[in-house]
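What follows is the residue order along each chain.
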Amino acid sequence: MGTDGRKTICNPIDRYQTLRLKESLSTPFQYILACKELSFILKNAYSKFPKNLQSLIFQDTLFAFSLLPEMQTQSAISAANSLLQSAEFTLPKQKRATAITEHKHAVVANKRKSKAKQEEEGIIPLPQDVLIHIFSFLDMQSLVSASAVCRSWNAAASDDHLWEFLYAIYFCASDNVGQNGHKTHGETEREGHSLNGIATGVGIDWRCAFKIAYKGTCYRKFKSYRGYCSSCCSVVWISSNTCANKSNIKDGSNHQIKPISRQQIVEYILDGFLVSESSSDSDSDTEDVSILKLWAYPRQIG
Amino acid sequence: MARKNRNPVGKNVDPEAQKKKTRTLTLKSSDGQEFSISESAAVLSIAIENMVEDDCAGGVIPLPLVDGGTLARVITYLNKHAEDGASDEEKRKFDEEFVSGMEMGVLFDVVLAANYLDIRGLLREVRRRIADRMKNKSVEWVRKTFHIESDFTPEEEEQMKKEFAWAWEGVDSDVDD
């Protein structure tokens, strides 16, 4: 006991304990620092310590390894690695072997745990084909958002078919070509080829084509995110998966969806059917096409 | 229209279909759990149907890519859809409830299972449901909900923002509509 009023800690083991390393190791955000500190102490001073402190430090080292599975970061693993190096460097034979085994188990458990965690949280990456199908239920803006999420989503959301269908819905479903989906589709393709085929040679970048066409139109029609399906006589949300609202698809008919404005939705609600936009609609459509043509060439340069 | 042919010896009942109803198959999940299911329900999965047809279903059908919990869900779905008396309306309602309460992780499991087992109706339902959860959401929100970490560099993110700006042109100004 100190006689001068202040409590002096004369024992190395007590002083070590005031560092509260064990406690810090248990705190995830302090684990790395505590690990590094322990590693340093182990490497530089272990041999100078009394037996009881050596034993305590050894226990703490094992404790640090046992916590590793709980840690999620790569830096925690490297901190534990440097602790292992110190242990290999300083510890006597038997303790060294114990530490190495403990560390090995911890690393394996860590890997297993992080994998299990991924599964539990649903980060298991979905296969591209599943992603593409999911994306086919999205409207254009959501599809663009999805492509900014991560690389694999970007690849899936750039799928040409998705954009080809969206293109067909947004720009090709006018009243005069309503009956046959395939026909419309074919026309789109031909039109597209005549636009871009010369320069690209093989196929069309449908997202690009979409972008160009979209920029060239007034957005009023698309602002509502709504389309009208003439087969079901109902208003649906636009996505490339035609008529996503209908769960009974067994009739196998091709559901043509035509973008409509909010005004048209109101009309639909009031009248129960879609008042087809008179001749002005087809006028604007032809205008769209001409704008599209104007836009097509700068694209090749850019 | 009332459904009268509930009795098994209806006039137009295909004997083969009848046999399928009484025959049961055993499905074994990745974690070793076994489930019994009538053949008529099981063959709603094209993958299982193929296995049955190729006669490689010697008693137990192992499904190494589907865990027990997910398989139990899938079987609930199959049983409902193979049910005799269930009308289309009932099935649709069931589908709705079946997927509505699912967590994202579960939806992912089910979509993978449905994909693997090739169950068209379920696949479509679940995909639609997953898509619904990302509609009209910010990129950040989607990442959070789907537990996805961005693997783009900040520069790429910045570039994408510029590149995709066109998609929102004219969307925000709702006032004049």
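Residues numbered from 1 in each chain as written. Chains lettered and ligands numbered in written order. Predicted model: local features only at pLDDT ≥ 70, side-chain atom pairs only at ≥ 80, totals over all residues.

Asks: Sorry if this is basic, but what is going on with the overall build of chain A here?
Replies: For chain A, the count of helices and strands is 15 helices and three strands. Counting every position in chain A, which comprises 302 residues, the buried fraction comes to 35%. Counted over contacts in chain A with a minimum sequence separation of 6, partners at least 24 positions apart contribute 64%. (Helix = DSSP H or I, 4+ residues; strand = E, 2+ residues; numbered from the N terminus. Buried ≥ 20, exposed ≤ 12 C-beta atoms within 10 Å, placed from the backbone. Contact = placed C-beta atoms within 7 Å.)

Asks: I would appreciate a short explanation of the overall build of chain B in the present structure.
Replies: The helix and strand tally for chain B stands at nine helices and three strands. A total of 177 residues make up chain B; the buried ones form 25% of that total. Put simply, 59% of the contacts in chain B that link residues at least 6 apart link residues at least 24 apart.

Asks: I would appreciate a short explanation of the pairing of strand β2 (residues 34-38) of chain B in the present structure.
Replies: The side chains of a regular strand alternate, residue by residue, between the two faces of the sheet. Residue and element names in this part refer to chain B. Here strand β1 (residues 24-28) pairs with β2 via five bridges, running antiparallel. Along β2, the bridge assignment pairs Leu27 with Phe35. Between the end of β1 and the start of β2, which pair antiparallel, lie five residues, with Gly32 showing a positive phi angle near 85 degrees. (Pairing = 2+ DSSP bridges.)

Asks: In this structure, what is going on with the confidence of the model for chain B? I would like to understand it.
Replies: Regions with low pLDDT should not have their predicted coordinates read in detail. All names here are of chain B. Here chain B averages 80 in pLDDT, and 80% of its residues register 70 or above. Model confidence for chain B, summarised as mean pLDDT per element, is weakest for helix α1 (residues 15-22) at 69 and strongest for helix α4 (residues 68-82) at 91. Below a pLDDT of 50 lies the segment residues 1-11, which in the model reaches five contacts outside its immediate sequence neighbourhood of four places, other chains included. Taken together, the stretch residues 172-177 has pLDDT below 50 and engages in three contacts with residues farther than four places along the chain or on a different chain. Scoring of the predicted complex yields 0.53 for pTM and 0.78 for ipTM. (pLDDT = per-residue confidence, 0-100.)

Asks: How should the pairing of β1 of chain B be read in this particular structure?
Replies: Residue and element names in this part refer to chain B. Only one face of β1 is covered, namely the face carrying Leu25 and Leu27; the face carrying Thr24, Thr26 and Lys28 is uncovered. One ladder, built from three bridges, connects β1 with strand β3 (residues 60-62); its direction is parallel. Opposite Leu27, over in β3, you have Ile61 as the bridge partner.

Asks: Is there a simple way to think about the packing of helix α3 (residues 31-45) of chain A against helix α4 (residues 51-67) of chain A in this case?
Replies: Two quantities define a packed helix pair, namely the angle between the axes and the distance from one axis to the other. Residues and elements named next belong to chain A. α4 packs onto α3 with a crossing angle of 145 degrees between their chain directions and a minimal axis gap of 11 Å. Like other packed secondary-structure pairs, α3 and α4 cross with a definite hand, here left-handed. Packed against α3, whose contacting residues are Tyr31, Cys35, Leu38, Ile41 and Leu42, the element α4 presents Ile57, Asp60, Thr61, Ala64 and Leu67 at the interface. For the contact of α3 with α4, the per-class residue count stands at eight nonpolar, one polar and one charged. (Axes fitted to C-alpha atoms, helices over the stretch in contact; angles between N-to-C directions. Left-handed = near helix turned anticlockwise from the far one by under 90°. Nonpolar A, V, L, I, M, F, W, Y, C, P; charged D, E, K, R; others polar.)

Asks: In this structure, what is going on with the environment of Glu125 of chain B? I would like to understand it.
Replies: Residues and elements named next belong to chain B. The topology assignment puts Glu125 in helix α7 (residues 120-132). Under the C-beta neighbour-count criterion, Glu125 is labelled buried, with 21 such atoms within 10 Å. In the structure, Glu125 is positioned 14 residues away from Val111 in sequence and 9.1 Å away in space, judged by C-alpha atoms.

Asks: Explanation requested: α3 of chain A in the structure shown.
Replies: Within an α-helix, residues lying three or four positions from one another point in the same direction, as the helix has 3.6 residues per turn. All names here are of chain A. Helix length check: α3 (15 residues) gives 21 Å between terminal C-alpha atoms against 21 Å at 1.5 Å per residue, within 8%. Taken as a whole, α3 has its buried residues at Tyr31, Ile32, Ala34, Cys35, Leu38, Ser39, Ile41 and Leu42. The elements touched by buried residues of α3 are α2 (21-26), α4 and α5 (74-90). (Expected span 1.5 Å × (residues − 1).)

Asks: Could you clarify how one ought to interpret the sheet that holds β2 of chain B in this entry?
Replies: The strands that make up a sheet are held in pairs by hydrogen bonds between backbone atoms, and each pair lies either parallel or antiparallel. Residues and elements named next belong to chain B. Reading across from one edge, β2-β1-β3 is the order of the three strands in this open sheet, with mixed pairing throughout. The open sheet terminates on both sides in strands that have one partner only, identified here as β2 and β3. Looking at each pair of strands side by side, their axes are set apart by 30 degrees on average, direction ignored. The strands touched by α4 within the sheet are β1 and β2, with β2 carrying the most contacts at an inclination of about 10 degrees.

Asks: Sorry, what's going on with the nonpolar core here?
Replies: Side chains of a nonpolar character, in soluble globular proteins, are inclined to be buried together. In terms of nonpolar packing, the biggest core is built from 63 residues, with Phe135, Ala146, Leu166 and Tyr167 of chain A together with Val111 and Ala114 of chain B touching the most fellow members. Residue contributions to this core peak at nine residues, all from helix α10 (residues 160-172) of chain A. The contacts of Phe135 of chain A, once residues within four sequence positions are left out, are Leu143, Ala146, Ala156, Ala157 and Leu162 of chain A. Counting residues in each nonpolar core, the second largest holds 25 residues, with Phe58, Phe65, Met71 and Ala106 of chain A among its members. (Core = buried A, V, L, I, M, F, W, Y, C linked by C-beta atoms within 7 Å.)

Asks: It is not clear to me how the packing of α4 of chain A against α5 of chain A should be interpreted in this structure. Could you clarify?
Replies: All names here are of chain A. Interhelical geometry of α4 versus α5 gives an angle of 150 degrees and a closest axis separation of 10 Å. Between α4 and α5, the interaxial angle falls into the category roughly antiparallel. Handedness of the α4/α5 crossing: left-handed. Two secondary-structure elements touch here, α4 through Thr61, Ala64 and Phe65 and α5 through Ala80, Leu83 and Ala87. (Parallel < 35°, antiparallel > 145°, perpendicular 65-115°, else oblique.)

Asks: Even after reading the chapter, I still don't get the environment of Arg143 of chain B, so can you show me in this structure?
Replies: With respect to the helices and strands, the residue Arg143 of chain B is situated in helix α8 (residues 139-146). Setting aside chain neighbours within four positions, we find Arg143 of chain B in contact with Val149 of chain A together with Ile148 and Ser150 of chain B.

Asks: Honestly, the confidence of the model for chain A in this entry has me stumped. Any pointers?
Replies: Residues and elements named next belong to chain A. Averaged over all residues, the pLDDT of chain A equals 69, while 54% of them reach at least 70. Note on residues 244-252: pLDDT under 50 across the span, and eleven contacts to partners over four residues away in sequence or across chains. Predicted confidence for residues 277-302 stays below pLDDT 50, and this span has 24 contacts to residues more than four positions away or in other chains.

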